[in-house]
Amino acid sequence: MRTLLRLKRQIPEVLWRNWTKRSCSNSSINKSILKHLTSKIIATGPISVAEYMREALTNPVLGYYVKNDMLGAGGDFITSPEISQIFGELLGVWCISEWMAAGKSSALQLVELGPGRGSLTSDILRVCSQLKGVLGETGISIHLVEVSPKLSQVQAECLTGNQTQTYNNDHTFYRSGTSCTGLPIYWYHRIEDVPRGFSIFLAHEFFDALPIHKFQRTENGWRELLVDIDPENPGKLRFVVSHRPTLASSTLIQKDESRRHVEVCAEGGVIVQKLASRIAEDGGAALIVDYGHDGTKTDTFRGFKGHQIHDVLEAPGLADLTADVDFSYLRKMTGDQVTCLGPITQRSFLKNMGIDSRMQVLLRSSNDPSVRAQLIHSYDMLINPEKMGDRFQFFSVLNTARLAQREQRQKSTGMPVAGFTELEMH
Ligand code: SAH
């Protein structure tokens, strides 16, 4: 039951019943990534948890995300966009409503970080087609930041019917194509390669996959947790506490920190800073959706394999590693150049976006009992506080002018930010 109630890997019953375990016969991969890590530790000493996590998840040859398609019925986990099309449709309406509220720029870049199987962007593209009348001649382009060649292929299949070209290092993007709805799509390794311009950024279950540093308060001050070879069993890894301060422990802990154990996702901080300065300079908004907390939790680093909680130091490269997102840290890292909203729960956000009315429309349009049952089941998965409703959080980074506009207009027409208050399309 614990497995079923797990967040990222939460599996709708209908999929669970038909579960097929992902083949894990390639234990040689596990051996070689472990070997790679142990050689590194022998050569240079214990490594940070961030380095361990980065290698295990995104090593260019052996990383978990690089090698696998871990989403969906045959994979390791399922996410909200995979559960129901309603999720992506409501986020699509959010993107368009923010574009409208920001003054309907003539060009709109939709940028997704870590698009998985491409389902979220696919649902958003459908909404863009349906709202053509609203979007008019706006030049929409799609930009996907994806580290995994394997998943970029899955996304290309989903979004273009596999009509893409790939490129070497002579372009900033490594793949491009045209969506089934006729829009240009580009794939990048890094956010900095995405062209500048008015953009709406989406990151769904992306930040939780970024490497974290772990720190422990000791009687000698803050010390970083490192990963070392277990002297009792050289084929295994163990955590050790660094004897001396590290660069990370000297720079990443906030002065007023009161917890005894802290996780800091410096890479997430750098990425949100990049989003913030682009939004401040070029206009646009970001919507970050993930499980997380507001600077209160301590030890959230965990591994999952075969739908079970898994020792984070076992089978690197074959198990998923994740940590809750610290939204208070992301907010701090955006600085004062932008305005942040949230985090608010998925339940509140989707209710504000009108999920109930959308459900009614879909239910009315189908008489098939199994389709209706599936719709109700996925609605419950997304909204139920015991399932994804309360655990997933929505956090937004907005151009400050957007909210200045909001304050001015609120007196007369009211122009709230959709999702954080009820949706109003003008
Ligand atoms: N957003 C999707 C998938 C979430 S899984 C969904 O919710 O269904 C995390 C995604 O982020 C995968 O696509 C993974 O390959 C990608 N990813 C992980 N680390 C990354 C990094 N450092 N840079 C770019 N993409 C990354």
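Residues numbered from 1 in each chain as written. Predicted model: local features only at pLDDT ≥ 70, side-chain atom pairs only at ≥ 80, totals over all residues. Heavy atoms only, no water.

**As for the pattern of salt bridges**
Step number 1: For the structure on display, the rule yields 22 salt bridges.
Step number 2: We note a salt bridge from Asp193 to Arg190, for which the minimum N-O separation is 2.8 Å.
Step number 3: Judged by relative accessible area, which is 17%, Asp193 ranks as buried.
Step number 4: Across the pair Asp282 and Arg196 runs a salt bridge whose closest N-O atoms are separated by 2.7 Å. Pair noted here: Asp282 is in helix H11 (residues 266-282) and Arg196 is in the loop between strand S6 (184-188) and strand S7 (199-204), with a separation of 86 residues, a long-range link.
Step number 5: Several salt bridges share partner residues, and in doing so they unite Glu89, Asp123, Arg126 and Arg358 into one network. (Salt bridge = Lys/Arg side-chain N within 4 Å of Asp/Glu carboxyl O. Buried < 20%, exposed > 50% of the residue type's maximum accessible area, 1.4 Å probe, protein only. Helix = DSSP H or I, 4+ residues; strand = E, 2+ residues; numbered from the N terminus.)

**Let's talk about unusual backbone geometry**
Trans is the prevailing form of peptide bonds, just as negative phi is the prevailing case for residues other than glycine.
Step number 1: Note that the residue after Gly342, namely Pro343, is joined by a cis bond; omega there is 5°.
Step number 2: Structurally, the position occupied by Pro343 is in strand S17 (residues 338-345).
Step number 3: Not every positive phi belongs to a glycine, and Asn162 is a case in point at roughly 70°.
Step number 4: One can find Asn162 in the loop between helix H9 (149-160) and strand S4 (164-166).
Step number 5: Asn162 gets classed as partly exposed once you look at its relative accessible area, which sits at 37%.
Step number 6: Look at Ala315: it is not a glycine, yet its phi comes out positive at around 50°.
Step number 7: Tracing the chain through its elements places Ala315 in the loop between strand S14 (308-310) and strand S15 (320-322).

**Let's talk about the environment of Tyr188**
Step number 1: With respect to the secondary-structure elements, Tyr188 resides in strand S6.
Step number 2: Judged by its relative accessible area of 1%, Tyr188 is buried.
Step number 3: Taking the C-alpha atoms as reference points, Tyr188 and His143, 45 residues apart in sequence, are found 7.5 Å from one another.
Step number 4: Here the side chain of Tyr188 touches His143 through a polar contact of 2.8 Å, side chain to side chain. (Polar contact = N/O pair within 3.5 Å; in protein donor to acceptor, adjacent residues only side chain to side chain.)

**As for helix H7 (residues 119-130)**
Step number 1: For H7, which comprises 12 residues, the first-to-last C-alpha distance of 17 Å matches the rise-based estimate of 16 Å (1.5 Å per residue) to within 8%.
Step number 2: Of the residues making up H7, those classed as buried are Ser119, Leu120, Thr121, Asp123, Ile124, Leu125, Val127 and Cys128. (Expected span 1.5 Å × (residues − 1).)

**A few points about the sheet that holds S15**
Step number 1: Here we have 3 strands laid out as an open sheet, ordered S14-S13-S15, and antiparallel in their pairing. Single-partner strands in this sheet number two, and they are S14 and S15. Ignoring which end each strand starts from, the neighbouring axes of this sheet average 40° apart.
Step number 2: Of the pairings in the sheet, the one linking strand S13 (residues 302-305) to S14 comprises 3 bridges and is antiparallel in character. Residue pairing in the sheet places Gly303 in a bridge with His310 of S14. (Pairing = 2+ DSSP bridges. Axes fitted to C-alpha atoms, helices over the stretch in contact; angles between N-to-C directions.)

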